[in-house]
Amino acid sequence: MAPKGGTFFFLLIVGCAALDVPPDGMSQNKCDFKDIAEKMMRKCQTEGYPVPERMQLETIFNYSDFLMATRNQTSGSLMSTFLNVLYSVTPDGVNEGKNKTWNFRDLPNMLSLMENSSVASACYMRAFVAPLCWKTLTTQNDDNMTADEYDALLRAAKPALLNMPLTGIDLPTDVGRGQNLEKIMEMLMKVYEAMSEDQRTQVVRWVKEQITLKYFNCTTRPPSDPRSMLMKSCKPSLKWLNTEALTMMGPYVSHLATKDVDSSPAKQLCGFFHSAQFQSTMSNISNINPTLGEKFLQKFQECFSGEQEFAENVDKLGILACYYSPAADLTPDISGKLLSELNTCDDFSNPKITKLKKRLIESVMSKANGTEALGRLGRSVALLSPKQLSQIPHKQLKEFLKNMGPGVRWTKGQQRAVVDKLLCSECADVSIEELVDLQSVAGGLPSSVLKHVKSMPPFAEGLKNLTMGMKKGQLVAMLQGLLGEMDPSELVRKLSGPLLRRLPLNKLEEANIPSFLSLDTVAGKMWSMPQAAFLAKQMHEQKNFRWRPYSFLQGVTCEMIDNVADTDAQDMAQAVTGASQFLSKGQAGCAARKLFVTKEKERADYFKTITEEEMKNIPTYLLLHLQPTKVRDLPASVCPAFLVKMQEADLSSLPHRSPSRAALTQRALRCLAEAAGVPGPRGADVQRLGPLLCELQPLQLLLVAPDVLNSSLQQMASCQHIPQRHAADMIQLVTQTFGDPSYWSAETMKAVGPLLLLDEDATSALPNKSWMKDVLYSLRLGMAHPSNALRRKLFDLITTTSNAGVTSSDDKEMTVDLIEELGMDNVYWTHTQLALMSNETFLAAFETLGAVSDFRADQLAVLRKRATEAFGPVSQMTESVVMLMGCITRGFSNADLQKLPFSLDALEEIAKCGWNESQMASVWTAVSAYNNLTAQHLGAVEMVALSQFICGLSSTELQQLNVDAFKDAVGSMDGVRCSSEVTQQIKSLAVSAFGKPNTWSEAQVSELGNIMAGLNSTELASLDPAVFSFISMSCVPLIQHLKALSVVQVEALGPDSAAMVTSEQRATLSEEQLAALERAVTGSPDQTQTPGQSGTPSLNAEGISALVKPFLLLLTGFLLL
């Protein structure tokens, strides 16, 4: 007689053997739960858990006497599967010793015992059982399991959901009993925070389908999905989003389509709003589509008789408060409640929130004293003006900041006001404890105080929080103070974070690194690139190199990687994969080539005959760099594992023009086309391409079904990179699919707008609709470098007024709110508009205007005049005014610049303002006079604080600089960009400090930064090729003698630096050098093609066949439906 749960345990055991076709109908690799199990087991191994003992395994896999006829085959098969996964993670396998074993009689007890077991090796069993339980849940019905067994499976499966590919999640086709849907959603809510946006959207679509199937007997699937033929389609008017559905979905409601809100009965939606569940749901949501948020808010406002009644419930809004704009002024009490809700909003993505917060602050402060107001304002205190901050009593302000912590965005004026209020202006020595209390405004602490720091905070977290908001000059000042009291060895052990990364190489050399480098507490710190190069070389020379996923791996050279013993190649591969965020594209390529060469020593045709398990053992991070010919030769048998890896791949480690991108894409398409039983291209196919979808040509996308094309383009809108050559055709395809952008809804713009923004003309032509500004703000938030067209479009939307159908911004009055909302986009005002600004507005907003770094000369002339009108002639301007004026100071004449009271602490902020040589010389004259400095007495702190303005020193003064101080400073002078003549003179100082260039190490080259551009042709040619990959990217365009490099040196630049070579520099290179540069740019050392041939192959007969054949096969299946 089988024990209780026997039938169900049989289902669990045979699940992986019987389930060839998952819920979406797409054939996947058998037992694909093993991929997740292996991933989870690796975590067990990394965290140091011992492997299970054989006796424990035999107890688990042979515990019952049920199903005697299949016992040997099934139970043994499952244990064999477990051991195969375990051996792929830890080659040493199981522990043969005898120790504590598990003993149980049924499945719920088994899972509960493993969940709560104190046996360390249970980690591996949980890693195996979790994905197996989820596999069973998603592919089997609940006919043969009790409610307790179902619950046990859900609990055990939860860890598997946290380890699924970010691009998708397998969900049950049919959840069986009605309450099971609620149970699954309850568990999915627990992993909501860990899910990607794609996974959350997939859950919403799935639960909507489950609800309509189970309760309304219809389907929401698109017509191209074969499963939609089995049931009638739901009507658009179906009211499926009832109270039960809203409650069940929890935070996933933030991923509903905007039109879904109309599917909720008004009465039930209002009931949900008034429930405790609503407040709980909204408090767990950190982001929501603006159009959806506004739709929800509109619906909820309709539940009340008027604005006042709704306002009294603002403390329930959560994330929806970000879209609330009260028409009338609110009471101080309601203002305080709404302000608290707005703390979760992102001011940057929607500046109108900042405007609303300021209104609310005024209301709160109108009826409260200073102490009470601070408590109600919370982090919104950062929106108080410098004057308001200075009026808060000393004790209350200090206590408030102490509890506030770092991460608050203060302006320079606010920082200055707080520091002046709380720091004794006459005191040079301030305790480290006092400084840590001021961590929130650390960016405003004067270097003169930080230079006298003599001790470390008692807690490492205090030091990290204090320094994370500091500028380079401040960090170096603090380091100099600590170096006066502590030796470098002690500092290396105790320092962390930004302060450690500013420790110069010469101090690191004094720290006797070999004596303690083996300590994980030291090796595992976050190091700068020069430091990492120094440490890596030290470890390599000391034969003490341990491949661990630490930040110092960014300092390894290709030579070090090539010298790794074949037996250690897999450890090296795992380590660089774990440290991938620190490594360059070139280092990733070197590591990949080393691993592949090692594999091919095992078998010459390794990649032609590679097995599925072998494919799984190659880290995805390195597989991306496999040569195109070998990618094409991968056997069909590894397609399931290959596609899983591509779903998880991060293509940022691969050069944009690498030929491997096209090869990987083609192989993935072939895998999809070759899969058995595929009736046509569906959304699931596209999803399995992962980021390779971003590499598809628009021509290929035209071959898929219309609804799949629609969803594919929406997925592509989140691509981090789309080849520039595809942009024009992509935009044409978007407009063909979604229609003229002039008629798009806000939801469509949000969904595919990023593709349209690839083109500046299309961006400029966007209509001035009421919702456009908020959507563009939201889209810009995800862009590292918004285009000029997008910035200009937002400026026009913000400043445009409509008069009798005529659109114009010429008559828009410049207000303080408008200027603060525009931020850096104030650059688009004309000089005429700037001249019309009132004096009051200029005085209130000149700090915001001063932060704009790219004003034209005519604009600066107007702003300079406004400044002198407001503050008097330069002789009357104070240090504080000059600091807040920022880049506006660039509009003054050289004679006036020499009279301005520039403090050293202000220079780093204005270094980015675009100064010319004569202006920098004038600023240096002013700085030296105001701060009583001379060139020969400049220390490391002063050199770093001077930043770009060190370029203003004369030739004689540069020769007077102290060499020792320069050695301490140069690592923190990264980014300084002088004229070629001045750079050559600073290079001479570097030669005095570090010796002849042909002796410079990788670490020294990295530390010198842009100064490397000062080397002459002979000096450049004398450099060791190994150091070229450590030349900073910003330096490469400045090198005047690139033609002096050998072919080997050019190729050694690596993909990132080689991509920075300008067209002018290219024009000086020979054909051999250009070919080497192309190999470097594409990351293809074995490439023989000429420049311009890399990347996607041209569409000759072979290219067309390779690219289109897979989709033709898919299309044929689709047409046969």
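Along every chain, residues carry numbers that run from 1 in the direction the sequence is written. In view of the model being predicted, local features appear only for residues whose pLDDT reaches at least 70, and side-chain atom pairs are presented and counted only at 80 or more, with totals across whole chains, interfaces and linings using the full set of residues. Note that the side-chain values use all heavy atoms of the structure and ignore hydrogens as well as water.

S.K.: How should the overall build of the protein be read in this particular structure?
M.R.: Secondary structure elements follow DSSP: runs of H or I of four or more residues count as helices, runs of E of two or more count as strands, with numbering from the N terminus. In terms of regular secondary structure, the protein is built from 64 helices and two strands. Expressed as a percentage of its 1121 residues, the buried residues of the protein come to 55%. A contact between two residues is defined here by any heavy atoms of the two lying within 4.5 Å. A separation threshold of at least 6 residues defines the contact pool for the protein, and within that pool the share at least 24 residues apart is 69%. Relative accessibility decides the category of a residue: with a 1.4 Å probe and only protein chains considered, values under 20% of the type maximum give buried, values over 50% give exposed, and everything between is partly exposed.

S.K.: Would you explain the packing of helix α40 (residues 706-716) against helix α42 (residues 746-756) in this entry?
M.R.: Each pair of packed helices can be summarised by the angle the axes make with each other and by the distance between the axes. Inter-axis angles, ranging from 0 to 180 degrees, are taken between N-to-C directions of lines fitted to C-alpha atoms, where helices are fitted over the stretch in contact. Where α40 meets α42, the axes come as close as 8 Å, and the angle between the chain directions of the two elements is 65 degrees. Taken as axis vectors, α40 and α42 run roughly perpendicular relative to one another. In terms of crossing hand, the pair formed by α40 and α42 is left-handed. Across the interface between the two elements, L713, Q714 and M716 of α40 pack against A751, V752 and L755 of α42. Gly falls in the polar group here, along with every residue not listed as nonpolar (Ala, Val, Leu, Ile, Met, Phe, Trp, Tyr, Cys, Pro) or charged (Asp, Glu, Lys, Arg). Taken together, the residues of the contact of α40 with α42 break down into five nonpolar, one polar and no charged. Here the word oblique covers every angle except those under 35 degrees (roughly parallel), over 145 (roughly antiparallel) and from 65 to 115 (roughly perpendicular). In this scheme the crossing of two helices becomes right-handed for a clockwise turn of the near helix relative to the far one and left-handed for an anticlockwise turn of less than a right angle.

S.K.: When you look at the confidence of the model for the protein in this model, what are you seeing that I'm missing?
M.R.: Parts of the prediction with low pLDDT should not have their coordinates interpreted in detail. For the protein, mean pLDDT is 83; residues scoring 70 or higher make up 83% of the total. The predictor reports its confidence for every residue as pLDDT, a score running from 0 up to 100. Here residues 63-76 is a poorly scored stretch, pLDDT under 50, and it has 29 contacts once near neighbours within four places are set aside; other chains count. Overall, residues 1089-1121 carries pLDDT values under 50, and its contacts beyond four positions in sequence, including any with other chains, amount to 61 contacts.

S.K.: I keep staring at the nonpolar core and nothing clicks. Help me out?
M.R.: Most often, soluble globular proteins have nonpolar side chains that are buried together. With 343 residues, the main nonpolar core has W134, L188, L713 and F966 as its most contacted residues. Sequence-distant contacts of W134, defined by excluding residues within four places in its chain, comprise L154, A157, A160, L161, M164, D170, L171, P172, I184 and M187. What is meant by a nonpolar core is a set of buried Ala, Val, Leu, Ile, Met, Phe, Trp, Tyr and Cys residues, joined one to another through side-chain atoms within 4.5 Å.

S.K.: Help me out: how do you make sense of the packing of helix α44 (residues 772-781) against helix α45 (residues 788-799) in this one?
M.R.: For the pair α44 and α45, the least separation of the axes is 10 Å and the interaxial angle reads 150 degrees. Relative to α45, α44 is oriented roughly antiparallel. The interaxial crossing formed by α44 with α45 has left-handed handedness. Of the residues in α45, those touching α44 at M772, K773, L776, Y777 and R780 are L790, R791, K793, L794, L797 and I798.

S.K.: I would appreciate a short explanation of the state of the cysteines in the present structure.
M.R.: Throughout this description, disulfide means a covalent bond between two cysteine sulfur atoms. Disulfides are defined as cysteine sulfur pairs within 2.5 Å. Per the stated rule, a full pass over the model turns up nine disulfides. Here C639 is linked by a disulfide to C671, with a sulfur-sulfur distance of 2.1 Å. Torsion about the S-S bond of the C639 and C671 cystine: about -75 degrees, corresponding to left-handed handedness. In this pair, C639 is assigned in helix α36 (residues 639-648) and C671 in helix α37 (residues 659-674), connecting sequence segments 32 residues apart. The class of C671 is buried, set by a relative accessible area of 4%. With its sulfur 1.9 Å from that of its partner, C887 forms a disulfide with C913. The chirality of the disulfide connecting C887 with C913 is left-handed, given an S-S dihedral of about -70 degrees.

S.K.: Sorry, what's going on with the side chain of R667 here?
M.R.: Following the sequence through the fold, R667 ends up in helix α37. Excluding residues within four positions of it along the chain, R667 makes contact with V631, R632, L634, P635, A636, C639, F642 and E674.

S.K.: What should I look at first to understand the environment of H1041 in this one?
M.R.: Structurally, H1041 can be placed in the loop between α59 (1017-1021) and α60 (1047-1051). Spatially, the C-alpha atom of H1041 lies 9.5 Å from that of G1014, the residues being 27 residues apart in sequence. Residues contacting H1041, with those up to four places away along its chain left out, are L1015, N1016, S1017 and L1020.

S.K.: Is there a simple way to explain the pattern of salt bridges in this structure?
M.R.: As a working rule, side chains carrying opposite charge can pair if their charged atoms are close by. The term salt bridge refers to a side-chain nitrogen of Lys or Arg lying within 4 Å of a carboxyl oxygen of Asp or Glu. Under the criterion given, the structure shown has 37 salt bridges. The residue R661 makes a salt bridge to E695 at a minimum N-O spacing of 2.7 Å. With R661 in helix α37 and E695 in the loop between α38 (683-688) and α39 (698-701), this residue pair connects regions lying 34 residues apart in the sequence. Residue class for R661 comes out buried when judged on its relative accessible area of 3%. A salt bridge links R856 to D858, with the shortest nitrogen-to-oxygen separation between them at 3.3 Å. The class of D858 is partly exposed, set by a relative accessible area of 30%.

S.K.: Where do I start with the environment of L946 in this structure?
M.R.: On the secondary structure map, L946 appears in helix α54 (residues 940-946). By relative accessible area, L946 is classed as buried at 0%. Counting along the chain gives 30 residues from L946 to V976, while the straight-line C-alpha distance between them is 9.7 Å. If near-sequence neighbours (up to four positions away) are discounted, L946 is found in contact with L904, L907, W924, V927, L938 and L953.

S.K.: How do you make sense of the packing of aromatic side chains when you look at a structure like this?
M.R.: The description of an aromatic ring pair uses the distance of the two centres, along with the angle that the planes make with each other. Centres within 6.5 Å make a pair out of two Phe, Tyr or Trp rings, where for Trp the six-membered ring is used; the pair is then stacked when the planes are under 30 degrees apart, edge-to-face when over 60, and tilted otherwise. Within this structure, the stated rule accounts for 19 aromatic pairs. Ring centres 5.9 Å apart and planes at 55 degrees place the aromatic pair F795 and Y828 in the tilted group. Separated by 33 residues along the polypeptide, F795 in helix α45 and Y828 in the loop between α46 (816-822) and α47 (831-835) bring together distant segments of the chain. Each member of the pair F795 and Y828 is classed as buried. Residues F795 and W829 carry aromatic rings whose centres are separated by 5.0 Å and whose planes lie at 85 degrees to one another, so their mutual orientation is edge-to-face.

S.K.: Whenever I open this one, α45 confuses me. Can you help?
M.R.: For the α-helix, the turn length of 3.6 residues means that residues three or four positions removed from each other point alike. Taking 1.5 Å per residue, 12 residues should reach 16 Å; α45 reaches 16 Å between its end C-alpha atoms and fits that length. In terms of residue burial, α45 counts as a mostly covered element, since nine of its 12 residues are buried. Among the residues of α45, A789, L790, R791, K793, L794, F795, L797, I798 and T799 are the ones counted as buried. The length a helix should cover is 1.5 Å for every residue beyond the first.

S.K.: I'm lost on the environment of S1022 in this one. Help?
M.R.: Note on placement: S1022 falls in the loop between α59 and α60. What makes S1022 partly exposed here is its relative accessible area of 32%. The spacing of S1022 and L1045 is 23 residues in sequence and 8.9 Å in space, taken between C-alpha atoms. Setting aside residues up to four positions removed in sequence, S1022 forms contacts with P997 and N998. Under this definition, polar contacts are N or O atom pairs within 3.5 Å; protein pairs additionally need one hydrogen-donor-capable and one acceptor-capable atom, and for neighbouring residues in sequence, both atoms have to be side-chain atoms. Here E1019 takes part through its backbone oxygen, which lies 2.7 Å from a polar atom of the side chain of S1022.

S.K.: Any chance you could explain α42 here in plain terms?
M.R.: Buried residues of α42: A746, M749, V752, G753, L755 and L756, and no others. All buried residues of α42 lie within an arc of 150 degrees about the axis, which places them on one face of the element. The inward-facing, buried residues of α42 contact α13 (290-301), α40, α41 (727-738), α43 (760-764) and α44. This arc describes the spread of directions from the helix axis toward the C-beta atoms.

S.K.: Would you mind showing me how to read unusual backbone geometry here?
M.R.: Trans is the prevailing form of peptide bonds, just as negative phi is the prevailing case for residues other than glycine. A positive phi angle, near 55 degrees, is found at N932, a position not held by glycine. Along the chain, N932 turns up in the loop between α53 (917-930) and α54. With a relative accessible area of 71%, N932 lands in the exposed category. With phi around 55 degrees, S947 is a residue other than glycine that occupies positive phi space. Examined against the element boundaries, S947 turns out to sit in the loop between α54 and α55 (955-960).

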